[in-house]
Amino acid sequence: MAIAPVYRALPHLVLASASPRRAQLLQDMGLTFEVFIPQVDERTIVAPNHDLAQVLAQSKCRNAQATHPESSDKLFLAADTIVVLDGERLDKPTDAHEAKTYLRRLAEGIHEVYTGVALRCNSNEFVFQSLTRVLFSQLSEEEIDYYVTTFAPLDKAGAYGIQEWIGLVGIKQIEGSYTNVMGLPTEALHRALLSFVQR
């Protein structure tokens, strides 16, 4: 796909993430980029739940820029998504049992999805965060079991992908950005990228 005309003045873009969903969203936006995976131990980074996503994104972005062999004049993009239910963070589940436990809990009410995004070119940095509130319908054990055994919830915060089957049949309402729940708030990112074009 050719780059969208509005992005032609952007510096060379580097996605500092191994997420196939973020890469697909960038492609769908009409962006061209390279992938460079940062080396950050997320367990060593401590911040309140409402700040953690953007703190992690900033750490990943800075790490990628510092370790990339040719970082000068390149625009680095990193993101991180966390799911919070009743004040508790639901990270990527460690196994199918934990994934099912998460989904049972999520089906009981509204949870919050935070995605932090960091952009950095040379010493110029911009960090922001988006919040989406998600309401699941009640889920049966059959529905939960089907999703966990058929799809790949273990690589997703909160044990689900909104773009997958569970999102199609189980999510009753969202307040905020849909793509934010996928892992990248594309509308807000678009505006942030345009600000880099205009500098």
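Below, the structure is looked at part by part. (Residues numbered from 1 in each chain as written. Predicted model: local features only at pLDDT ≥ 70, side-chain atom pairs only at ≥ 80, totals over all residues. Heavy atoms only, no water.)

For the chain, the helix and strand inventory stands at 7 helices and 7 strands. Along the chain, helices (α) and strands (β) appear in the sequence β-α-β-α-β-β-α-β-β-α-α-β-α-α when read from the amino end. Taken over C-alpha atoms, the radius of gyration comes to 17 Å for the chain, in line with the 16 Å a tight globule of 199 residues would show. Principal-axis analysis of the C-alpha atoms places the extent of the chain at approximately 50 × 35 × 25 Å. Split into buried and exposed, the 199 residues of the chain put 49% on the buried side. If you take every contact in the chain between residues at least 6 apart in sequence, the share linking residues at least 24 apart comes to 68%. (Helix = DSSP H or I, 4+ residues; strand = E, 2+ residues; numbered from the N terminus. Rg over C-alpha atoms; globule rule 2.2 N^0.38 Å. Buried < 20%, exposed > 50% of the residue type's maximum accessible area, 1.4 Å probe, protein only. Contact = heavy atoms within 4.5 Å.)

Turning our eyes to something else, we now look at the packing of aromatic side chains. Each aromatic ring pair is characterised by the separation of its centres together with the angle its planes make. A full pass over the atoms with the stated rule returns 5 aromatic pairs. Both rings, one in Phe136 and one in Tyr160, keep their centres 5.1 Å apart while their planes meet at 80°; by these two values the pair is edge-to-face. Here Phe136, found in strand 6 (residues 124-136), pairs with Tyr160, found in the loop between helix 4 (141-150) and helix 5 (165-170); they are 24 residues apart in sequence, far enough to count as distant. Of the two residues examined, Phe136 and Tyr160, each falls in the buried class. (Phe/Tyr/Trp six-rings, centres within 6.5 Å; stacked < 30°, edge-to-face > 60°.)

Right, let's talk about the environment of Val181 for a bit. Along the polypeptide, Val181 turns up in helix 6 (residues 178-182). In contact with Val181, not counting residues within four places along its chain, are Val113, Thr132, Val134, Tyr160 and Ile162.

With that out of the way, let us pick up the pairing of strand 5 (residues 110-121). Side-chain direction in a regular strand flips from residue to residue, so the side chains alternate between the two faces of the sheet. Burial analysis of strand 5 places 10 of its 12 residues in the buried class, which makes it a mostly covered element. Where strand 3 (residues 75-85) meets strand 5, 10 bridges bridge the pair, whose relative direction is antiparallel. Its bridge partner being in strand 5, Phe76 is matched across the sheet by Arg120. Relative to strand 6, strand 5 is paired through 12 bridges, and the arrangement is antiparallel. (Pairing = 2+ DSSP bridges.)

Next up on the list: helix 4. Turning to helix 4, its buried residues are Ile144, Tyr147 and Val148. Buried residues in helix 4, looked at end-on, bunch into an arc of 95°, giving them a common side. Among the exposed residues of helix 4, those pointing more than 90 degrees away from its buried face are Glu142 and Thr149. Elements in contact with the buried residues of helix 4: helix 3 (96-106) and helix 5. (Arc of directions from axis to C-beta.)

With that settled, consider unusual backbone geometry. Phi is positive for Asp73, close to 65°, though the residue is something other than glycine. Within the element layout of this structure, Asp73 appears in the loop between helix 2 (49-67) and strand 3. Even without being glycine, Asp86 reaches a positive phi, approximately 50°. Here Asp86 lies in the loop between strand 3 and strand 4 (88-90).

The next thing to look at is the side chain of Thr115. Here Thr115 is to be found in strand 5. Among the polar contacts made by the side chain of Thr115, one reaches the main-chain carbonyl oxygen of Asn180 at a distance of 2.9 Å. Filtering out sequence-adjacent residues up to four positions away, Thr115 remains in contact with Ala53, Ala79, Asp80, Thr81, Phe128, Gln129, Ser130, Asn180, Gly183, Leu184 and Pro185. (Polar contact = N/O pair within 3.5 Å; in protein donor to acceptor, adjacent residues only side chain to side chain.)

This next bit is on helix 2. Taking 1.5 Å of rise per residue, the 19 residues of helix 2 would be expected to cover 27 Å, and the 27 Å separating its terminal C-alpha atoms lies within 8% of that figure. Of all the positions in helix 2, only Leu52, Ala53, Leu56, Ala57, Lys60, Cys61, Asn63, Ala64 and Gln65 are classed as buried. Contacts made by the buried residues of helix 2 are with strand 3, strand 4, strand 5 and strand 6. (Expected span 1.5 Å × (residues − 1).)

Another aspect to go through is the side chain of His68. Inspection of the secondary structure puts His68 in the loop between helix 2 and strand 3. Residue classification places His68 among the buried positions, given a relative accessible area of 8%. Of note is the side chain of His68, whose polar atom sits 3.3 Å from the side chain of Glu34. Within the structure, the side chain of His68 is placed 2.9 Å from the backbone nitrogen of Glu70, a separation counted as a polar contact.

So, about the pattern of salt bridges. The final tally for this structure, using the stated rule, is 16 salt bridges. Several salt bridges share partner residues, and in doing so they unite Arg21, Asp155, Lys156 and Glu164 into one network. (Salt bridge = Lys/Arg side-chain N within 4 Å of Asp/Glu carboxyl O.)

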